[in-house]
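Overview (structure and organization)
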Amino acid sequence: MNIVGTLMSRNLRLFFRDRMGVFFSLLSALILFLLYTLFLGSNQVDGLQESFPAATRDDVKGFVDTWMFAGIVGITAVTTGLGAMNVFVDDSSSGRFRDFLVSPIRRETLIVGYLLSAAVVALIMTTVVLIISLVYLYLVDGVSFDAGTIATVYGFLALSCVAFAALSAFAVSLVRTAGAYSALSTIVGTILGFLAGSYIPVGALPEGVRTVVNALPFMQSAVPVRQEMTADSLQALTGGSPEAVTELQELFGITASVGDWAVTNTYVVIILAAMTVVFTLLAAVRIRRRIG
């Protein structure tokens, strides 16, 4: 365990030392924040204000902002694990694996070091972004959450961090060069906001596209977080009308369904746990082959 801890510490230092790498791992979340702060947010608020004239503008903005930040922390849980795997790509392309092979470090230990450090980076970065989001919502919108809600949100985010870190490790294990890794990161960062239903409310998409998005784990993992973070603001916006609550939940991806089947929180936990196990095993096999 001491060797694993040393490898993790080394990988964490290398990741956080690369400030541009840290920045680009947060780029998708930053783009979402800027899109809604500078452009889309006011349009969403105006549109909802027309639909719910009895609600105050503060109530409308509170809902839009909580929905936006739920998407931001969800995206962060995905992209930061991928960003942390940059250390693996550097070690592979620079030939450092040869140095590891002549040392007394076992291959299994190296694999665990890479996988755990990716998960830890995702947890650290997501925790920081969640704290910033909660502070922003409290100071700007006057929205606060009780300890139970925060704990539930963090639990789902932590599981997402581990699951998507495993998925990222497997994806990166297929990459041979730094250029290919950069291309992969760019593609993921570009399309993730759409796949998670964050850039555009999923209910605004064509039915076929909406069904595909709802069937993907990126969207599904965001559902419980959105449900918890928007629960109070959604009630304030709609005045507690069940019909209005259901309509907005479907429109903004707070609930998700594929055909007649509704995505439940229990299913989300199961699918994320399954992703963790399956992609950890696949990544371990691939990384072992890469190390030699």
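Preceding this paragraph is the structure being described.
Report follows, based on the coordinates. Note that this is a predicted model, so its numbers are computed, not measured.

Here's the deal with the overall build of the chain
- Secondary structure assignment for the chain yields 13 helices and two strands.
- Scaling as 2.2 N^0.38, a compact globule of 292 residues should have a C-alpha radius of gyration of about 19 Å, and the chain matches this with 20 Å.
- Overall, the chain is about 70 × 40 × 35 Å in size when its C-alpha atoms are taken along their principal axes.
- Put simply, the chain has 292 residues, and 46% of those count as buried.
- Intrachain contacts of the chain at a sequence separation of at least 6 include 79% that bridge at least 24 residues.

Here's the deal with the packing of aromatic side chains
- Following the criterion strictly, the structure yields 13 aromatic pairs and no others.
- Ring geometry for phenylalanine 15 and phenylalanine 16: centres 5.0 Å apart, planes at 80°, overall edge-to-face.
- Under the relative-accessibility criterion, phenylalanine 15 is labelled buried at 4%.
- Clustering of aromatic rings is evident, with ring pairs tying together Tyr36, Phe63, Trp67 and Phe252.

Digging into the packing of helix H4 (residues 57–84) against helix H9 (residues 178–195)
- Here H4 crosses H9 at 180°, and the two axes come no closer than 11 Å. With respect to H9, the element H4 is oriented roughly antiparallel. Residues Ile75, Val78, Thr79, Leu82 and Gly83 of H4 pack against Tyr181, Leu184, Ser185, Val188, Leu192 and Gly193 of H9.
- For the contact of H4 with H9, the class distribution of residues is seven nonpolar, four polar and no charged.

Quick notes on a nonpolar patch on the surface
- A cluster of nonpolar residues, Met20, Phe23, Phe24, Leu30, Leu34, Leu38 and Phe39, forms a patch on the protein surface that exposes about 700 Å² of accessible area.
- Residue assignment for the nonpolar patch shows that the elements contributing at least two residues are helix H2 (19–25) and helix H3 (27–51).
- When residues of the nonpolar patch are assigned to their parent elements, the largest contribution, four residues, is made by H3.
- Tracing the backbone shows leucine 34 in helix H3.
- For leucine 34, a relative accessible area of 37% translates into the label partly exposed.

Rules used in this analysis
Residues numbered from 1 in each chain as written. Predicted model: local features only at pLDDT ≥ 70, side-chain atom pairs only at ≥ 80, totals over all residues. Heavy atoms only, no water. Helix = DSSP H or I, 4+ residues; strand = E, 2+ residues; numbered from the N terminus. Rg over C-alpha atoms; globule rule 2.2 N^0.38 Å. Buried < 20%, exposed > 50% of the residue type's maximum accessible area, 1.4 Å probe, protein only. Contact = heavy atoms within 4.5 Å. Phe/Tyr/Trp six-rings, centres within 6.5 Å; stacked < 30°, edge-to-face > 60°. Axes fitted to C-alpha atoms, helices over the stretch in contact; angles between N-to-C directions. Parallel < 35°, antiparallel > 145°, perpendicular 65-115°, else oblique. Nonpolar A, V, L, I, M, F, W, Y, C, P; charged D, E, K, R; others polar. Patch = residues over 30% accessible without salt bridge, like charges linked within 9 Å, V, L, I, M, F, W, Y side chains within 5 Å. Areas by Shrake-Rupley, 256 points an atom, 1.4 Å probe, with all protein chains shown as cover. Salt bridge = Lys/Arg side-chain N within 4 Å of Asp/Glu carboxyl O.

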